[in-house]
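Reading the structure
Chain by chain, the residues run as shown.
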Protein chains: 4
Amino acid sequence: MINFRSDNEAPVASEIMEAIAIVNCGTAYSYGGDSITGDVSAKFSDLFEHDVEVFPVTTGTAANALALGHVTPPYGVIYCTEQAHVLVDECGAAGFYAGGAMMRPLRGADGKMEAPMLASVLASHGSHGDHEAWPSALTVAQATECGTLYKPEEISTLAEIAKRHDLVFHMDGARFANAVSALGCTPADITWRSGVDILSFGATKNGALAAEAVVIFKPELAVEFGRQRMRGGHLVSKMRYLSAQLLSYIEDDLWLSLANRANRAASQIAEGLSGLTSAEIFYPVEANALFVCFPEHIIRGLSKDGFLFHEWPTHPGMVRLMCSYELSHDDVTLFLQAVRRHVSNPV
Amino acid sequence: MINFRSDNEAPVASEIMEAIAIVNCGTAYSYGGDSITGDVSAKFSDLFEHDVEVFPVTTGTAANALALGHVTPPYGVIYCTEQAHVLVDECGAAGFYAGGAMMRPLRGADGKMEAPMLASVLASHGSHGDHEAWPSALTVAQATECGTLYKPEEISTLAEIAKRHDLVFHMDGARFANAVSALGCTPADITWRSGVDILSFGATKNGALAAEAVVIFKPELAVEFGRQRMRGGHLVSKMRYLSAQLLSYIEDDLWLSLANRANRAASQIAEGLSGLTSAEIFYPVEANALFVCFPEHIIRGLSKDGFLFHEWPTHPGMVRLMCSYELSHDDVTLFLQAVRRHVSNPV
Amino acid sequence: MINFRSDNEAPVASEIMEAIAIVNCGTAYSYGGDSITGDVSAKFSDLFEHDVEVFPVTTGTAANALALGHVTPPYGVIYCTEQAHVLVDECGAAGFYAGGAMMRPLRGADGKMEAPMLASVLASHGSHGDHEAWPSALTVAQATECGTLYKPEEISTLAEIAKRHDLVFHMDGARFANAVSALGCTPADITWRSGVDILSFGATKNGALAAEAVVIFKPELAVEFGRQRMRGGHLVSKMRYLSAQLLSYIEDDLWLSLANRANRAASQIAEGLSGLTSAEIFYPVEANALFVCFPEHIIRGLSKDGFLFHEWPTHPGMVRLMCSYELSHDDVTLFLQAVRRHVSNPV
Amino acid sequence: MINFRSDNEAPVASEIMEAIAIVNCGTAYSYGGDSITGDVSAKFSDLFEHDVEVFPVTTGTAANALALGHVTPPYGVIYCTEQAHVLVDECGAAGFYAGGAMMRPLRGADGKMEAPMLASVLASHGSHGDHEAWPSALTVAQATECGTLYKPEEISTLAEIAKRHDLVFHMDGARFANAVSALGCTPADITWRSGVDILSFGATKNGALAAEAVVIFKPELAVEFGRQRMRGGHLVSKMRYLSAQLLSYIEDDLWLSLANRANRAASQIAEGLSGLTSAEIFYPVEANALFVCFPEHIIRGLSKDGFLFHEWPTHPGMVRLMCSYELSHDDVTLFLQAVRRHVSNPV
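This structure is a prediction, so every number in the text was calculated from the model and none was measured.

Moving on: the overall build of chain A. The helix and strand tally for chain A stands at 13 helices and 11 strands. Relative to the globule expectation of 20 Å for 347 residues, the C-alpha radius of gyration of chain A, 21 Å, shows essentially globular dimensions. In terms of principal-axis extent, the alpha carbons of chain A reach across some 60 × 60 × 30 Å. Here chain A holds 347 residues, and 62% of them are scored as buried.

Turning our eyes to something else, we now look at the packing of helix H2 (residues 35–48) of chain A against helix H10 (residues 240–250) of chain A. All names here are of chain A. At their nearest, the axes of H2 and H10 sit 9 Å apart, and the two run at 30° to each other. Between H2 and H10, the interaxial angle falls into the category roughly parallel. Every pair of crossing elements has a handedness; the one defined by H2 and H10 is left-handed. Every residue of H10 that contacts H2 at Ile-36, Thr-37, Asp-39, Val-40, Lys-43 and Leu-47 is listed here: Arg-240, Ser-243, Ala-244, Leu-246, Leu-247 and Ile-250. Of the residues in the contact of H2 with H10, the class split is 7 nonpolar, 2 polar and 3 charged.

Before going further, it helps to examine the relation of the copies chain D and chain A. Mapping chain D onto chain A calls for a screw motion: a turn of 180° about the axis and a shift of 0.0 Å along it, with 0.0 Å RMSD after fitting. Put plainly, the chains are arranged around a two-fold axis. When each C-alpha of chain D is compared by its distance to the rotation axis, D:Gly232 comes out closest, at 3.5 Å. Most of the interface of chain D is mirrored in chain A, where 100% of its interface residues again form contacts.

This next bit is on the domain arrangement of chain A. Residues and elements named next belong to chain A. Domain parsing of chain A yields domain 1 (13–253) and domain 2 (254–344). On a C-alpha basis, the centroid separation for the pair domain 1 and domain 2 is 28 Å. Sorting the residues of the side of domain 1 that touches domain 2 by element identifies helix H8 (176–183) and H10 as the ones contributing at least two each. No other element matches the 6 residues that H8 contributes to the side of domain 1 that touches domain 2.

Residues and elements named next belong to chain C. What the 7 strands build is an open sheet, ordered S1-S7-S6-S5-S4-S2-S3; its pairing is mixed. Two strands bound the open sheet, and with one partner strand each, they are strand S1 (53–57) and strand S3 (102–106). Put simply, the sheet's adjacent strands are angled 20° from each other on average, direction ignored. Of the pairings in the sheet, the one linking strand S6 (residues 198–202) to strand S7 (residues 212–216) comprises 5 bridges and is antiparallel in character.

Further remarks concern the interface of chain D and chain A. One frequently used descriptor of interface size is the decrease in accessible area upon assembly of the parts. Counting residues at the interface gives 39 residues for chain D and 39 residues for chain A. By residue class, the composition of the side of chain D that touches chain A is 19 nonpolar, 16 polar and 4 charged.

Chain A puts 21 residues into the contact, and the matching count from chain B is 21 residues. Elements that contribute at least two residues to the side of chain A that touches chain B include exactly helix H5 (93–97) and strand S3 (102–106) of chain A. Residue composition of the side of chain A that touches chain B, by class: 10 nonpolar, 7 polar and 4 charged.

The rules behind these values
- Residues numbered from 1 in each chain as written.
- Chains lettered and ligands numbered in written order.
- Predicted model: local features only at pLDDT ≥ 70, side-chain atom pairs only at ≥ 80, totals over all residues.
- Helix = DSSP H or I, 4+ residues; strand = E, 2+ residues; numbered from the N terminus.
- Rg over C-alpha atoms; globule rule 2.2 N^0.38 Å.
- Buried ≥ 20, exposed ≤ 12 C-beta atoms within 10 Å, placed from the backbone.
- Axes fitted to C-alpha atoms, helices over the stretch in contact; angles between N-to-C directions.
- Parallel < 35°, antiparallel > 145°, perpendicular 65-115°, else oblique.
- Left-handed = near helix turned anticlockwise from the far one by under 90°.
- Contact = placed C-beta atoms within 7 Å.
- Nonpolar A, V, L, I, M, F, W, Y, C, P; charged D, E, K, R; others polar.
- Least-squares fit on C-alpha atoms with pLDDT ≥ 70 in both.
- Domains from an automatic or database assignment.
- Pairing = 2+ DSSP bridges.

As structure tokens, then:
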């Protein structure tokens, strides 16, 4: 069964499974005192060309909520898009970790935060004294929930607005690998070099078992982060197995190779569909996701063929095709053939 | 100086000051064990023609946040309008008291929640499992922050939608008196009889010193409310002085007389401005507030004349005129004369 | 009926009622923008011989919880005594405002925090990394819940320990007036001059209607306190009535005269009971409270006589006699006569 | 190096590593929709001879905090021992998840909650109205943090007291396997059959990679638990790998075999030390932990030999020897030989 449902339905990449097996030998300090975890910050500092502090956790929601909660006071406001995973998919975790802070969604095209909108909303703040909650953090997803990307200069523009209003700038990088691979930039280019302060670095959706990391680019934002992680129940005891995933993930650019496979699948599908009038691609296909509007009979037909995907609730007749690293060229070919077959055989 | 800045800048009504003085005699049980407080629930039950439980507090934000916090689980969502006081003027209090629950603002005309919009947003929920926060409460202000009103049948329509989705229906009645007086209905008509479950009953903006009450129409929603009030630091020790305000406020329809004065001032101004092309009334004037767009020179002129009002940040050139119970017919006449003078003498 | 139940059952002092009446004239800025409130910080700075920031609120629980919540991170620990009002009488308010921080009660004689115990508990911290919550705040009541007092040098000793461990030092001054009056010191002597950082300054139990103030001695601790107060629903709109209470309370040493009356009543009772073997005074009588163990028949007899007091749950046969400013010399004489009568007439 | 530092420093048991590898094949529904996770509740219901709902998470702190947070209202009190992991090792997580509820530690011998103490503390509650936080939950660890055990009848006695006061009874079973194995009872005997309502079932300390489960014995306590888990960031996406650990852990009694090895090592050490006057065993050795007071030179000597253990901060001269499943008979023999050597060669 060819699965476009979600990249987190894919199995663990063999290199990462092997890395887990390798560290399963003898005893080791728990809670991150082990030597493997000891390497993580250094290796990530190399990767990001910047001194960073890294806090591994097991879920993306934990990474996002801990990061946003740590930098947002309880009387604060977090700005995000209307499609933001932190807003609509995490059951209020960020508000919980931020002690009741508010999420304020802003409307934008293609799932992206738009600089003029953000600037205008922030400009309207500040005249209402203690009555208004305090603008505290900006969060954007890279790649976005719509499969689109921010270019480095777009991030810089948002960062400038954020700095002007003393907002901490957080990036939800659940699909950070897909973004870096597709943009052909360095990890630094779209993070600290463009003004991002804190990153949720995802690995699970791109081949890890359960490994994400909060990467902090400013040392002052890392103070007592460890205690917040503990208090949230997110400090795993046998940390070596989590750190091993992260290290093997970034070793020899494995993360980019995996992401590249997923991205390539998405672009091949986009290309294959481009000539078809009965397949309307909704958002620009820039990473590993496609949102496609098909006539009803094609959706039914593809389902019957066994292809797995989500019909997307925001628009009737739209499906989301989320490509994982595991999809092969043949998988994509089979899918495109099936689409063409249903196009030419309307019921 | 004639003051349209806010109704909470008015002094305490003399009847209420007197009631405070009268109870200042001898010792009395603290924390609500006194006999004056003992009368409050019964008198309010009479007023609302329904058994109610009443919890006096000193601020409207406390009433709203305690009410919403008590009925919303921490993984819940509270629906409100984009102008809602609970959203934009209370520094996130509702989210704090609800343990981090989310506020979701919905757009509507004239500061009112619109039934089709609410129905459509709620209909889109429920398919996303534990990932989505749980729709828990609906809150509307009566009168609204824009000075408009919900008719009983509008409230019923919203209540039906709320019930269908198991939402608790809360009414922010900071200006409840203005609404009852203007609608010419009973307190029951626009609360429990129309499906409201819990009410923040305001008195401070309409002549009290510092007195609001959470009025609960369903006994099951009152369970442990007292403990929540204590935990928020909102159980005043010398409760008799708070209860005396509430009792004198509703005695002999004082609250409606006071509100009627404020409403009448607003409608007189609306009438007086209606013929002027350089005064555009923005929202329907249904209670005690007007939002009026004036040319710049009129705003400057009125300010120079000593009239007090807020220029409203949402629209350049718009002022809010909030009428208190204390404004006299002469005050209004003076104001209208001044406007006409500035209209005929453009700079 | 002569009332020893609680000082918060007493009425409002006439000077304070008058002050409230005086400000009830014309309109005034709300939310503390008025000129009366504008005077509060200056007058309190004079009183404390130190620049202070003052945040009026209506309840002692609000003052304590806001103060402790503001200076304690959510992963923090607040140290208090086992009898502390913040621990046993405020339904967890401090933990709520501190985002879930822990209260750790320490045992001490006569309701007082003991320096060696505090030092020893704090010394045992710090070796357990992120696993342990962070010692953050120390709170003591002055006067204590047992009616005892800390001398300035005792406060200094506690403060030194607190500073050594970076704890913020909070004083619950619900009965601060009674302490200052009894110690014959200045307000400064037992606060900032001895190392206290933040004070809940109580007035309600000593003659106000509903007026307490958070007094902050270090400007850095006052940052965003106003927003926290708003978020808790504790910013009253008609602030002038609250500020007027506070100003009249400290004017011409009214607060000390009132407290002196209450303290004198307590010491007269203590003296009157001192010769009686059937009246055992439990804690040193240093302020306005007595805890006395009487034989059962005396307790019953005094109740039957109409004297009002609480039988204290911590020790069978013990009553608490809390003296308010309103007790007269005659009240005390009548009480002592009654006690002697019951002593000499055992049932 | 022979490691007594903690059982969570041991590697993953080979059977569990194999189970993880086996499920790493093809795609599977994420967030627990997969067929492996689908089996977990049924298999655990068999194991516990009772219909249970099971919520896998990755850390013991998450299991405890989610469980206690779910059953404790924000104005509640959680009773625990002074040594409780939830109190001293989890950085306030339970208070965080319970919205600021209070932890109240009770003193007891050998790290165990004592029924008379609990009964007496609970009996003193209930007369103080809204001022007092509400007794809500009781939590005990089985095995305890001191390596001791509760017999089924001891649990029943505690449960009766808890039920009388409407407390939910939670068991922290981080070392539940060690308890079941040592007591020779069934899992049911020391949980629901004795009155436990909700269990944190640990596997990580006994051979899993990162796998714990909240096991709920009463369906009404499971309502919306999933949403709380999500909101805490504890719903792992690739759940099959977590469920596979849990299933292999309980298959063919693997969990009891592993625990038995650890317990046997502890009892062999206890036996080996029993004749030595310079080794004082502090708590009864009933599971897999020993707390032993040695003379200083023995502690230094064993360290120099390379044995790994914690010097325990609560008592100078005391070490904790925590035995993991991985310790062999030879390891224990070597350790005992070393002790005897140091005993006979005092420096």
